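Residue-level structural notes
One letter stands for each residue in the lines below.
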Amino acid sequence: MSASYTSEAQLFTGIYEGLFSYDPMNLNPLPAICVSYKTSRDKKRWTFTLRENAKFSDGSSITAQTVKDSWMKLLATPNAPFASLIDSISGAQEYRTGKGTADKVRIDVRDEKTVVVHLREPAGHLPKILCHHAFSIVSPKKGVYSGAFVLDSIKDNIVLLKKNENYWDAENVKIPGIKIELTNDYPENSFKYNVGEADWVMGNAEASKIINKDSIVISPQFATMYLFFKTKNSPWDKAEFRTALLEAIPYDKLRGGYTVQAQTLVYPLTGYPSVKGISDYDGQDALDMMNAAREKYNIPLDEKIPLVFAISSEDTIKNWGKILKECWEPLGVDLILQTTLTERYNSSIEQWNADLFYYSWIGDFADPLAFLELFRSNSTLNVAGYKNEEFDNLLLEASRLDSIQEQYKLMSRAEQILLDDSEIIPISHPISANLINTEEIGGWQKNALDLHPLKYLYIKSLPKLKIPNLAKLENIR
């Protein structure tokens, strides 16, 4: 189970739940199906105790075996996007990659309500990872859910949820049902919000037409839009050539028009050390660097070097292609654009034999690892094929530490390696836009992931002629 868009992840927060869930304000992990846990002295053994009243929506008990089965199913799913996040579990990576067997994965069922997980290395961030919907507890039966709501129906882009009466915390879920309309109709979204037919519009609306401007919530996301190289084809598998390209890019043009321009991959977090970003450029220096790389790898100075840029049909992305083509031509680089439809782009990247791609990534948990995992050698999220042993070792070393400050120091060093390798070209940190009537809807909190667990929402009042709790979720990743 994985989400490509914020809207999908938002829905999953309502109908599925794992051992932990997000605090709606600060995104720290809160015990959910797990009521408590403890770690061994060496930090490699985690013992999770499940709630006695943890049940699926059909009334069947959620047990330690259910937890194990859910995670093993994820590991057994080929190319499951987030499965590598639990590679710290002994035997998980080997089983996931087909190099080991299921019986070697150290997820042990001690009794009906106790799961013991053995790690190959300490992983202090494990509870943060387990907040992610990919690690939700799932039933082997269809139409059975572990979250605060159940999926009642989907028809004509209308999703109906109703309260899960068997949910362990059902008494604190105050909304009997939620109606979600999936639509990209900006004018209609704005109209329905203005007349009270929608309490929350996530994403696409016309801000200029909203009557109550105080209900517009704009905030930077824990997210980054960037370009990245696939390190497969020569010579773009060599850092020297990539560095020459980055030195030639006019970043003021490439990043022009974006509210929050990005020079790094990780959106700055409190306590995360500053990293030297990518911003300076000089055409002559770029040419000198390219010529030196050509000489080192025996590529004639007058030989045109092709570089394939895989893009979608969006005008903004096509404009990036024009900017890059213009600044790279003096280096003897022939930029070739290959295009596919926007809705097919993300799913095409892994198999697409191109050299340069773009990505817009929202951190799925509030930790720099949510971004750095994209470039770890054995990660299922590493579609770039990037490999750097020092980068991997720093992430591994960080996972062994208890101190967040010390973890962040090592992670920032890893990010610096990634940037110095010229593997990525940061462009912007996207912003989230929500229309939310907080005078009538409570429990909604602004946060960096733009995730708002549905279980905490409640209705403060119900005016006449009002359709309560109509949410419009948009594909904004």
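This report concerns the structure included in the present document. (Residues numbered from 1 in each chain as written. Predicted model: local features only at pLDDT ≥ 70, side-chain atom pairs only at ≥ 80, totals over all residues. Heavy atoms only, no water.)

1. Some remarks on the environment of D280
Position of D280 relative to the elements: it lies in the loop between helix 7 (251-254) and helix 8 (283-296). Separated by 28 residues in the primary sequence, D280 and D252 have C-alpha atoms spaced 9.7 Å apart. The contact partners of D280, leaving out residues within four places of it in the chain, are L246, E247 and Y251. (Helix = DSSP H or I, 4+ residues; strand = E, 2+ residues; numbered from the N terminus. Contact = heavy atoms within 4.5 Å.)

2. What to know about the nonpolar core
The biggest cluster of nonpolar side chains holds 113 residues, and the ones touching the most others in it are L19, W71, W328 and F375. When residues of this core are assigned to their parent elements, the largest contribution, seven residues, is made by helix 13 (residues 404-420). When near neighbours in sequence (up to four residues on either side) are disregarded, L19 contacts L30, P31, A32, I33, C34, F48, L50, V67, W71 and L130. I15, V159, I175 and L457 belong to the second-largest nonpolar core, a separate cluster that totals 25 residues. (Core = buried A, V, L, I, M, F, W, Y, C linked by side-chain atoms within 4.5 Å. Buried < 20%, exposed > 50% of the residue type's maximum accessible area, 1.4 Å probe, protein only.)

3. Concerning the pattern of salt bridges
For the structure shown, the criterion picks out 17 salt bridges. Among the salt bridges present, the one from E240 reaches K296, with a minimum N-O distance of 2.6 Å. Here E240, found in helix 6 (residues 239-248), pairs with K296, found in helix 8; they are 56 residues apart in sequence, far enough to count as distant. In this structure, D334 engages K325 in a salt bridge whose closest nitrogen and oxygen atoms are separated by 3.6 Å. When salt bridges that share partners are traced, they join D87, R96, E373 and R376 into one network. (Salt bridge = Lys/Arg side-chain N within 4 Å of Asp/Glu carboxyl O.)

4. With respect to the side chain of T66
Mapped onto the secondary structure, T66 falls in helix 2 (residues 64-76). According to the relative accessible area criterion, T66 is buried, its value standing at 10%. With near-sequence residues (within four places) excluded, T66 lies in contact with F56, S61, I137 and V138.

5. Focus on the packing of aromatic side chains
Taken as a whole and assessed by the stated rule, the structure comprises 27 aromatic pairs. With 5.5 Å between their ring centres and 80 degrees between their planes, F20 and Y37 make a pair best called edge-to-face. Taken together, the positions of F20 in strand 1 (residues 20-22) and Y37 in strand 3 (residues 34-39) put the pair 17 residues apart, joining distant regions of the chain. Owing to a relative accessible area of 40%, Y37 belongs among the partly exposed residues under this scheme. Here Y251 and Y281 contribute two aromatic rings whose centre-to-centre distance is 6.1 Å and whose plane-to-plane angle is 70 degrees, an arrangement assigned as edge-to-face. Residue Y251 is found in helix 7, and its partner Y281 is found in the loop between helix 7 and helix 8; the two are separated by 30 residues along the sequence. One residue, R51, lies across the ring of W168, its end atom 3.7 Å from the ring centre. The residue whose ring lies beneath K238 is Y297, and the NZ or CZ to ring-centre distance is 5.2 Å. (Phe/Tyr/Trp six-rings, centres within 6.5 Å; stacked < 30°, edge-to-face > 60°. Lys NZ or Arg CZ within 6 Å of the ring centre and 35° of its normal.)

6. As for the side chain of T340
The residue T340 is located in strand 14 (residues 333-340) in this model. Discounting chain neighbours no more than four positions away, the residues touching T340 are I311, S312, S313, Y345 and W352.

7. What about the pairing of strand 16 (residues 424-428)?
Counting buried positions over the five residues of strand 16 gives five, a clear majority of the element. Bridge count for strand 12 (residues 223-229) against strand 16 is four bridges, and the pairing is antiparallel. For Y226, the partnering residue across the bridge sits in strand 16 and is P426. (Pairing = 2+ DSSP bridges.)

8. Here's the deal with the packing of helix 12 (residues 389-399) against helix 13
Relative orientation of the contacting elements helix 12 and helix 13 amounts to 165 degrees, with a least axis distance of 8 Å. Judged on the interaxial angle alone, helix 13 and helix 12 are roughly antiparallel. Helix 13 is crossed by helix 12, and the crossing has left-handed handedness. Contacts between helix 12 and helix 13 pair E390, F391, L394, L395, E397 and A398 from the former with Q407, L410, M411, R413, A414, E415, I417 and L418 from the latter. Of the residues contributing to the contact of helix 12 with helix 13, the split by class is nine nonpolar, one polar and four charged. (Axes fitted to C-alpha atoms, helices over the stretch in contact; angles between N-to-C directions. Parallel < 35°, antiparallel > 145°, perpendicular 65-115°, else oblique. Left-handed = near helix turned anticlockwise from the far one by under 90°. Nonpolar A, V, L, I, M, F, W, Y, C, P; charged D, E, K, R; others polar.)

9. What to know about the sheet that holds strand 3
The strand order across the open sheet formed by four strands is 3-4-6-5, and the pairing between neighbours is antiparallel. Since the sheet does not close on itself, it has two edges, and those belong to strand 3 and strand 5 (107-111), each with one partner. Ignoring which end each strand starts from, the neighbouring axes of this sheet average 20 degrees apart. Relative to the sheet, helix 2 contacts strand 4 (45-50), strand 5 and strand 6 (114-118), its axis offset from that of strand 5 by approximately 170 degrees.

10. With respect to helix 8
Compared with an ideal rise of 1.5 Å per residue, which puts 14 residues at 20 Å, helix 8 spans 20 Å between its outermost C-alpha atoms and is within 8% of the ideal. Every buried residue of helix 8 is accounted for by A286, M290, A293 and R294. Projected down its long axis, helix 8 shows its buried positions confined to an angular sector of 100 degrees, all on one face. Those residues of helix 8 that are exposed and angled more than 90 degrees off the buried face are E295 and K296. At its buried positions, helix 8 is contacted by helix 6, strand 13 (305-312) and strand 14. Sitting at the amino-terminal end of helix 8 is D282, which places a side-chain oxygen 3.0 Å from the backbone nitrogen of Q284. Where helix 8 ends, the next residue or the one after it, N298, has phi of about 60 degrees, a positive value. (Expected span 1.5 Å × (residues − 1). Arc of directions from axis to C-beta. Polar contact = N/O pair within 3.5 Å; in protein donor to acceptor, adjacent residues only side chain to side chain.)

11. What about the packing of helix 6 against helix 8?
Interaxial distance between helix 6 and helix 8 falls to 8 Å at its minimum, and their mutual angle equals 165 degrees. By the angle class used here, helix 6 and helix 8 are roughly antiparallel. The two elements helix 6 and helix 8 meet at a crossing, and its hand is left-handed. Across from E240, F241, T243, A244, L245, E247 and A248 in helix 6, the residues of helix 8 making contact are D285, A286, M289, M290, A293, R294 and K296. Its residues placed into classes, the contact of helix 6 with helix 8 shows eight nonpolar, one polar and five charged.

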